[in-house]
Amino acid sequence: MKIATYNVNGVNGRLDVLLRWLAEDRPDVVCLQELKTPDDRFPRKAIEQVGYGAIWHGQKSWNGVAILARDAEPLLTRRGLPGDPDDTHSRYIEAAVNGLLIGCLYLPNGNPAPGPKFGYKLRWFERLQHYARELLDLDVPAMLVGDFNVMPTNLDVYAPERWRDDALFRPEVREAYAALVAQGWTDAIRHLHPDERIYTFWKYFRNAFARDAGLRIDHFLLSPTVAEWLVSATVRREVRSWEHTSDHAPVIIELDHV
DNA sequence: ATGTCTGATAGAATCAGA
């Protein structure tokens with residue numbers, strides 16, 4: 001079973017890229033972030049036509065998350081992260097697919113830091129920690145997947161010293177990520193590749209992709225049961241080289257699980 | 001500080017967000 005995450009950076013603006021990638025890789029489940037579309041403009045038909053059922057949680061202009069399942073309908077289990085009824089951002093959606101509980105998330109960017117956006121990021125992280133513990137307590141196969149907007153360690157940044165004060169790398173954020181993982185989650189990419197420089201995002205600026213000036217900010221956190229099934233984790237860097245592409249590359253993990 | 005994309009508002013060129 002192959003499960004992917006892809007910050008598509010505009011699901012309508014980059015529909016051609018998304019469909020091309022789906023046709024090439026045919027993952028069983030896809031977690032999408034940054035849809036940037038209201039719910040009624042999600043490209044359901046185009047995605048159905050290439051063989052995927054979908055659920056989504058969009059909003060006008062910004063954010064937005066979706067879960068796709070090949071030849072299946074994801075069973076919606078949650079739309080929106082609990083813990084703040086006043087949070088208007090569409091950043092979390094969750095579904096059961098093939099016996100797995102899959103939480104697809106787009107954690108706030110948080111820049112500039114410090115400031116209100118950074119405060120929102122830290123509060124969102126606290127809510128995620130609280131909810132993630134509830135998921136582990138359920139003791140079902142579960143994963144939290146998506147754009148966490150965090151580089152967990154120096155190994156995940158091409159130039160750590162330049163990012164020290166950025167909202168994606170400040171100590172508070174790295175500590176929040178480490179505390180989340182320490183609940184009992186496995187960071188799939190880092191678990192399989194403990195010493196490798198692996199990036200999932202490259203800015204559009206300054207030819208960052210060609211220079212491999214990247215960041216690892218898209219993550220798979222696996223519950224203990226799912227971690228035992230983990231076979232591989234691959235960044236599909238080639239997709240980042242395509243015309244009109246997202247600034248993120250898709251990431252795919254393979255599970256030895258029917 | 002720089003740099004480059006998207007979607008919105010508006011009906012061209014700017015802006016926010018990333």
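Details of the structure are given in the entry above.
Residues numbered from 1 in each chain as written. Chains lettered and ligands numbered in written order. Predicted model: local features only at pLDDT ≥ 70, side-chain atom pairs only at ≥ 80, totals over all residues. Heavy atoms only, no water.

A. Quick look at the protein's contact with DNA strand B. Taken together, the neighbourhood of DNA strand B is formed by 18 residues, with Arg 14, Ser 61, Phe 205, Arg 206 and His 244 sitting nearest. In this structure, Arg 206 approaches DNA strand B through a side-chain N or O atom, which is 2.8 Å from a base oxygen. A distance of 3.0 Å separates a phosphate oxygen of DNA strand B from a polar atom in the side chain of His 244. Class assignment of the residues belonging to the surface near DNA strand B gives a composition of 4 nonpolar, 6 polar and 8 charged. (Near = heavy atom within 4 Å. Polar contact = N/O pair within 3.5 Å; in protein donor to acceptor, adjacent residues only side chain to side chain. Nonpolar A, V, L, I, M, F, W, Y, C, P; charged D, E, K, R; others polar.)

B. Focus on the side chain of Asn 63. Looking at the element boundaries, Asn 63 is found in the loop between strand S3 (52–57) and strand S4 (65–70). At 3.1 Å, the side chain of Asn 63 forms a polar contact with the side chain of Arg 91. Not counting residues up to four positions away in its chain, the partners in contact with Asn 63 are Glu 34, Leu 35, Lys 36, His 89, Ser 90, Arg 91 and Tyr 106. (Helix = DSSP H or I, 4+ residues; strand = E, 2+ residues; numbered from the N terminus. Contact = heavy atoms within 4.5 Å.)

C. Representation of the sheet that holds strand S14 (residues 251–255) within the structure. Taken together, the 6 strands give an open sheet; going across it, the order is S3-S4-S2-S1-S14-S13, and neighbouring strands pair in mixed fashion. A single partner strand is all that each edge strand has here, and the edge strands are S3 and strand S13 (230–235). Each neighbouring strand pair of the sheet contributes to a mean axis angle of 15°, computed without reference to strand direction. Sheet strands touched by helix H1 (residues 15–25): strand S1 (2–7), strand S2 (29–33), S3, S4 and S14. Its angle to S1, the strand with the most contacts, is close to 160°. (Pairing = 2+ DSSP bridges. Axes fitted to C-alpha atoms, helices over the stretch in contact; angles between N-to-C directions.)

D. Layout of helix H5 (residues 171–182). The end-to-end C-alpha distance of H5, which contains 12 residues, comes to 16 Å, matching closely the 16 Å that a straight helix rising 1.5 Å per residue would cover. Among all positions in H5, only Val 173, Ala 176, Tyr 177, Leu 180 and Val 181 are buried. For H5, the arc enclosing every buried residue in end-on projection is 135°, short of the 170-degree limit, so these residues lie on one face. Among the exposed residues of H5, those oriented more than 90 degrees off its buried face are Glu 175 and Ala 182. (Expected span 1.5 Å × (residues − 1). Buried < 20%, exposed > 50% of the residue type's maximum accessible area, 1.4 Å probe, protein only. Arc of directions from axis to C-beta.)

E. The arrangement of the sheet that holds strand S8 (residues 142–147) in detail. Spatially, 6 strands are ordered S5-S6-S7-S8-S12-S9 in an open sheet, and the strand pairing comes out mixed. Looking at the sheet topology across the chains shown, the edges are occupied by strand S5 (75–79) and strand S9 (186–187). The sheet contact formed by strand S6 (residues 92–97) and strand S7 (residues 100–106) spans 6 bridges and is antiparallel. By the bridge assignment, Glu 94 is partnered in S7 with Gly 103.

F. A look at the environment of Tyr 199. With respect to the element layout, Tyr 199 can be found in the loop between helix H6 (188–192) and strand S10 (201–202). A sequence separation of 15 residues divides Tyr 199 from Gly 184, and the C-alpha atoms of the two residues are 23 Å apart.

G. Here's a closer look at the pairing of S1. Judged by how many residues are buried, S1 sits mostly within the fold: 5 of 6 residues are covered. With 5 bridges connecting them, S1 and S2 associate as parallel partners. Paired with Ile 3 across the bridge in S2 is Val 29. Taken together, S1, H1 and S2 form a β-α-β motif whose crossover is right-handed. (Right-handed = clockwise from strand over helix to strand, strands pointing away.)

H. Up close: a positive patch on the surface. A cluster of like positive charges, contributed by Arg 162, Lys 203, Arg 206 and Arg 211, occupies part of the molecular surface. Looking at where Arg 162 falls in the secondary structure, it is placed in helix H4 (residues 160–163). (Patch = residues over 30% accessible without salt bridge, like charges linked within 9 Å, V, L, I, M, F, W, Y side chains within 5 Å. Areas by Shrake-Rupley, 256 points an atom, 1.4 Å probe, with all protein chains shown as cover. Salt bridge = Lys/Arg side-chain N within 4 Å of Asp/Glu carboxyl O. Lys, Arg positive; Asp, Glu negative; His and termini not counted. Charge placed at Lys NZ, Arg CZ, Asp CG, Glu CD.)

I. How the structure looks around helix H3 (residues 116–138). Compared with the 33 Å implied by 1.5 Å per residue over 23 residues, the 33 Å span of H3 between its first and last C-alpha is a close match. Those residues of H3 lying buried are Phe 118, Tyr 120, Lys 121, Trp 124, Phe 125, Arg 127, Leu 128, Gln 129, Tyr 131, Ala 132, Leu 135 and Leu 136. Next to the buried residues of H3 lie S5, S6, S7, S8, H5 and helix H8 (224–229). Positioned one or two residues after H3, Asp 139 has a phi angle of 60°, which is positive.

J. Quick peek at the pairing of S2. In terms of residue burial, S2 counts as a mostly covered element, since 5 of its 5 residues are buried. With burial as the criterion, each face of S2 is covered, one bearing Val 29, Cys 31 and Gln 33 and the other bearing Val 30 and Leu 32.

K. Looking closely at the nonpolar core. One finds Ile 3, Met 143, Leu 222 and Ile 253 to be the most contacted residues of the largest nonpolar core, which totals 35 residues. Setting aside its immediate chain neighbours within four residues, Ile 253 contacts Met 1, Lys 2, Ile 3, Ala 188, Phe 220, Leu 222, Leu 230, Ser 232 and Ala 233. The next biggest cluster of nonpolar side chains, apart from the first, holds 27 residues, and it includes Phe 125, Ala 142, Val 150 and Val 181. (Core = buried A, V, L, I, M, F, W, Y, C linked by side-chain atoms within 4.5 Å.)

L. Up close: the environment of Asp 156. Among the secondary structure elements, Asp 156 is positioned in the loop between S8 and H4. As for Asp 156 and Arg 190, which are separated by 34 residues in sequence, their C-alpha atoms are 9.6 Å apart. Asp 156 has contacts with Met 151, Arg 190, Tyr 199, Gly 214, Leu 215 and Arg 216, leaving out every residue within four places of it along the chain. Only 2.7 Å separates the side chain of Asp 156 from the side chain of Arg 216, close enough to count as a polar contact.

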